[in-house]
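Coordinate analysis (summary)
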Amino acid sequence: MAAFAGFDMPIQYEGIIAEHAHTRQFAGIFDICHMGEFSLRGTGAKDALNAVVTQDLDTLAPGKCRYGFLLNADGGVQDDLIIYCLADDEYMLVVNGACEAGDFAHIKSQLPAALAFTNISEETGKIDLQGPKAFDVLKHLLGQDCVSPGYFNFTRTRWQGCDLIVSRTGYTGELGYEFYIDAAKAAALWEALIADPLVKPVGLGARDTLRLEMGYPLYGQDLDTAHTPVEAGFGALITKQKPFTGKNALDTVRERLTPLVLEGRRSARHYDAVHLPDGTKVGMVTSGSFAPSLGHCVALAYVEANYAEADEFLVRTQRGDLAARRSALPFNPNGTARRKLA
């Protein structure tokens, strides 16, 4: 266990490698109750929120959710978040736990006072179910006639007399669902899920290796206020024509988040320097780990824009230099997240 964002968080149960493999093959559940949730509703909520976040809410219909960013005035990423459109002018925002208080204040300061903007994190439990067998588990939980939402869609239902939101986004690259429920029912939901023989609990350690194999960013490492989402590789997601906070600063690209592959089991670590083969320092590793599904190490690193297309690099670690080569994302192309379900 480790302290994080006011919670004692599970790093591992059975072990990182075992939990990683089980999620890739069957289904794992993740205690994500530390995440923050905000409710926004009222006439004009869409237009007001549209001016704050990168997501285009004009094209986000009820029943759908979208990944995007909360930026500062300089275009730096204050947080990445998913916005759920519950109804016209009614939204739920899901933010990182460590950013909860700052995000709420930042957003509230830019909204009209007449809107109902509420921090519902304390009363909201969140459990993620991930893995290629996740739909089988969902049917065991909700009944064989339940229908899976589409990718980045959600449904609202009830479980044991309690309102339940079931969404399908995922942070592992596998087919999966996120459950939002009254915090008082979260433990009962966890126990119901863990009773399924297809399911094992998964800690933050395997969550990190799973997301890194897909090249998904972690806020505070791969995303931060010093870099824009364009520099982090998410420029294609930002298509909104209307103005929003930080938009005018997105044209400047100083560094690019670059995927690297390293042979063997010696991993690069956060803050390790990245050099060209001739020794010129050009960047810094933000995330690095052994990739259990691939049998070698992978990393993400911010590299100066002029050198980000180079093919070969050296990562300078405390134990010596490691040869690295530029790769493409995802590192693991075999995820089931977008699988079509009958």
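Residues numbered from 1 in each chain as written. Predicted model: local features only at pLDDT ≥ 70, side-chain atom pairs only at ≥ 80, totals over all residues. Heavy atoms only, no water.

In this section: the side chain of His227. Its location among the elements puts His227 in the loop between helix 6 (204-214) and strand 14 (255-262). Of the polar contacts made by the side chain of His227, one reaches the side chain of Glu255; its length is 2.6 Å. In contact with His227, other than residues within four places in its own chain, are Gly75, Gly76, Val77, Arg254, Glu255 and Tyr302. (Helix = DSSP H or I, 4+ residues; strand = E, 2+ residues; numbered from the N terminus. Polar contact = N/O pair within 3.5 Å; in protein donor to acceptor, adjacent residues only side chain to side chain. Contact = heavy atoms within 4.5 Å.)

If you trace the five strands from one edge of the open sheet to the other, you get 5-6-7-4-8, paired in antiparallel fashion. Across the chains shown, the open sheet's two edge strands, defined by having one partner strand only, are strand 5 (65-71) and strand 8 (116-119). Taking the axes of each pair of neighbouring strands and ignoring which way they run, one obtains an average angle of 25° across the sheet. Strand direction decides the pairing type here: strand 5 and strand 6 (residues 77-87), joined by seven bridges, are antiparallel. Each bridged residue has a counterpart across the sheet, and for Leu71 the counterpart in strand 6 is Val77. Seen against the sheet, helix 3 (residues 100-108) touches strand 4 (36-41), strand 5, strand 6, strand 7 (90-95) and strand 8 and runs at an angle of roughly 170° to strand 8. (Pairing = 2+ DSSP bridges. Axes fitted to C-alpha atoms, helices over the stretch in contact; angles between N-to-C directions.)

For a regular strand, side-chain orientation follows a simple rule: the groups alternate between the two sheet faces. As paired elements, strand 14 and strand 19 (residues 320-326) share three bridges and run antiparallel to each other. For Leu262, the partnering residue across the bridge sits in strand 19 and is Ala324. Taken together, the six bridges between strand 18 (residues 312-317) and strand 19 define a ladder with antiparallel strand orientation. Bridge assignment links Val315 to a residue of strand 19, and that residue is Leu322. Between strand 18 and the antiparallel strand that follows it, strand 19, lie two residues.

That's the geometry; what it means functionally is another story.
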